[in-house]
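# Commentary on secondary and tertiary structure
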Amino acid sequence: MSATRPITDASFADDVLLSDKPVLVDFWAPWCPPCRAIAPILDQFAADHANKISVVKLNIDENPETAAQYGITSIPTMKVFQGGRPVKTVVGALPQPALEAELAAYLA
């Protein structure tokens, strides 16, 4: 079972903006090779840090409104939301150590 979970335009506010802990949103699409490459890394990251941060996936083809609202022009793009607003953006498929380093401030 995946440690990440899919969300939609309709569930974005409840799942992300109203969350009581930081949420990492992976903006992705099934046709994107780097998105597929980072998926297992995000699953492991989500499992390792489930008590500190939620990791969700938003398919931009099926949910274009949220992607447009946050100016997603390249995928994979990951945004950390805290307190209902975006606080960090990471673009591209990173190896797990680099991803951990980029997001260390939200894992404390």
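Now for a look at the structure at hand. (Residues numbered from 1 in each chain as written. Predicted model: local features only at pLDDT ≥ 70, side-chain atom pairs only at ≥ 80, totals over all residues. Heavy atoms only, no water.)

## Focus on the overall build of the protein chain
Across its full length, the protein chain carries four helices and five strands. Across the protein chain, helices and strands are ordered from the amino to the carboxyl terminus as β-α-β-α-β-α-β-β-α. In terms of principal-axis extent, the alpha carbons of the protein chain reach across some 30 × 30 × 25 Å. Put simply, of all contacts in the protein chain between residues at least 6 apart along the chain, 70% involve residues at least 24 apart. By element, 56% of the accessible surface of the protein chain is carried by carbon and sulfur atoms, the whole surface being about 5500 Å². (Helix = DSSP H or I, 4+ residues; strand = E, 2+ residues; numbered from the N terminus. Contact = heavy atoms within 4.5 Å. Areas by Shrake-Rupley, 256 points an atom, 1.4 Å probe, with all protein chains shown as cover.)

## Observations regarding the sheet that holds strand β2 (residues 23-28)
Ordered in space as β1-β3-β2-β4-β5, the five strands form an open sheet in which the pairing is mixed. Edge positions in the sheet fall to β1 (5-7) and β5 (85-91), since each of these pairs with one other strand and no more. Taking the axes of each pair of neighbouring strands and ignoring which way they run, one obtains an average angle of 30 degrees across the sheet. Pairing geometry for strand β4 (residues 77-82) and β5, over six bridges, is antiparallel. Pairing of Met78 across the sheet is with Val90, part of β5. (Pairing = 2+ DSSP bridges. Axes fitted to C-alpha atoms, helices over the stretch in contact; angles between N-to-C directions.)

## Concerning the environment of Cys32
Residue position: Cys32 is located in the loop between β2 and α2 (33-48). Judged by relative accessible area, which is 3%, Cys32 ranks as buried. In this structure, the C-alpha to C-alpha distance between Cys32 and Ile75, residues 43 residues apart in sequence, is 7.4 Å. Those residues in contact with Cys32, other than ones at most four positions away along the chain, are Ile75 and Pro76. (Buried < 20%, exposed > 50% of the residue type's maximum accessible area, 1.4 Å probe, protein only.)

## Regarding α2
Over its 16 residues, α2 extends 24 Å from the first C-alpha to the last, a length consistent with the 22 Å expected when each residue adds 1.5 Å. At Ala39, α2 is bent by approximately 35 degrees, the largest bend along its length, and proline Pro40 sits one to four residues beyond. Taken together, the buried positions of α2 are occupied by Cys35, Ile38, Leu42, Phe45 and Ala46. For α2, the elements touching its buried residues are β2, β3 (54-59), β4 and α4 (96-102). (Expected span 1.5 Å × (residues − 1). Bend = angle between axes of the 7 residues up to and from the residue.)

## Examining the state of the cysteines
In this structure the tally under the stated criterion is one disulfide. Here Cys32 engages in a disulfide with Cys35; their sulfurs sit 2.4 Å apart. Given an S-S torsion of about 80 degrees, the disulfide between Cys32 and Cys35 has right-handed geometry. This pair shows no difference in class: Cys32 is buried, exactly as Cys35 is. (Disulfide = S-S within 2.5 Å.)

## Quick word on the pattern of salt bridges
Working definition: two side chains of opposite charge can pair if their charged atoms are close together. Enumeration according to the criterion identifies three salt bridges in this entry. A salt bridge links Lys57 to Asp26; the nearest nitrogen and oxygen atoms lie 2.8 Å apart. Taken as a pair, Lys57 in strand β3 and Asp26 in strand β2 lie far apart in primary sequence, 31 residues in all. Owing to a relative accessible area of 14%, Lys57 belongs among the buried residues under this scheme. For Asp26, a relative accessible area of 0% corresponds to the buried category. The salt bridge partner of Glu102 is Lys88, with a shortest N-O separation of 2.9 Å. Here Lys88 lies in strand β5 and Glu102 lies in helix α4, a separation of 14 residues in the sequence. In this structure Glu102 comes out as partly exposed when scored by relative accessible area, which is 36%. (Salt bridge = Lys/Arg side-chain N within 4 Å of Asp/Glu carboxyl O.)

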